[in-house]
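Summary of structural features
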Amino acid sequence: MRAGKTEEDGRITLIQSDIWIGFPRAEQVLDRLQCMIEAPRQTRMPGLLVHGASGIGKTMIARNLSRRYAPEYDPASGITRTPLLLLQAPPAPDERRFYLHILATVGAPATALSARAQNVASLEVRVVALLRDLGLRMIMIDEVHNLLAGTHREQRRFLNVLRYLSNELEVSLVCLGSARPSMPSVVISSLPGGWTNITFQTGATTPSSRT
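A brief look at the structure comes next. (Residues numbered from 1 in each chain as written. Predicted model: local features only at pLDDT ≥ 70, side-chain atom pairs only at ≥ 80, totals over all residues. Heavy atoms only, no water.)

1. Some remarks on the overall build of the chain
- Secondary structure summary: the chain contains 7 helices and 8 strands in total.
- Residues classed as buried in the chain amount to 41% of the 211 residues present.
- Counted over contacts in the chain with a minimum sequence separation of 6, partners at least 24 positions apart contribute 73%.
- Carbon and sulfur atoms make up 52% of the accessible area of the chain, which amounts to about 11,200 Å² in all. (Helix = DSSP H or I, 4+ residues; strand = E, 2+ residues; numbered from the N terminus. Buried < 20%, exposed > 50% of the residue type's maximum accessible area, 1.4 Å probe, protein only. Contact = heavy atoms within 4.5 Å. Areas by Shrake-Rupley, 256 points an atom, 1.4 Å probe, with all protein chains shown as cover.)

Written as structure tokens, this is what we have:
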């Protein structure tokens, strides 16, 4: 066994790592997202649905933006400012599970909460209060096609949660997912007006969009 890490080890690690390679379509989506996160707060914040074939680069775009807007600790307030919250949708539309995932992501796991405090209504209040303190500007939900695993009623309830968080916190909302025939209509029809739908295609010179 080698005692230290060699130059060859470093090259192997680099090859095996995720590397961002910008290309026109991805840069166009990133530019749109950056405009959204920098937009002034308003009653109805802009929203974006990005969908396309699996493995086309949607998650890499989300991670690239999350690195640009990484959390920063504010020593004056003692709060870690988090302008962008990147989440993965649960395997099925489940409000409670989604709220618990948000708490874990921002470093406030609900394990210390009583069973009563872990009901949906209590979790909703706790999540909104925490996210407001973080100075949040955008919520990104990856793998949003997972919501199609639920019933029509479950899909609507989950999308209502997303709409509520966007409106209550006055933050932009971005959903990313693999192409499914019914997904654009399900998501767009249930979320606030002003949403844009981008189909991320490998053969297109620019993303096709619909408002």
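2. Topic: the environment of alanine 108
- Inspection of the secondary structure assignment puts alanine 108 in the loop between α4 (95-105) and α5 (120-133).
- Each C-alpha atom of the pair alanine 108 and leucine 130 lies 8.7 Å from the other, and the pair is 22 residues apart in sequence.
- Every residue in contact with alanine 108, bar those within four places of it in the chain, is listed here: Leu103, Arg126 and Leu130.

3. Considerations on the nonpolar core
- Counting 31 residues, the largest nonpolar core has Phe98, Ile102, Leu131, Ile139, Ile141, Leu162 and Leu165 as its most contacted members.
- Broken down by secondary-structure element, the contributors of at least two residues to this core are β4 (84-88), α4, α5, β5 (138-142), α6 (152-169), β6 (172-178) and α7 (183-190).
- Examining the composition of this core, we find that 6 residues originate from one element, α6, more than from any other.
- In contact with leucine 131, not counting residues within four places along its chain, are Leu85, Ile102, Val106, Leu136 and Leu169.
- By size, the runner-up hydrophobic cluster in this structure holds 18 residues, among which are Leu30, Ala62, Met140 and Leu176. (Core = buried A, V, L, I, M, F, W, Y, C linked by side-chain atoms within 4.5 Å.)

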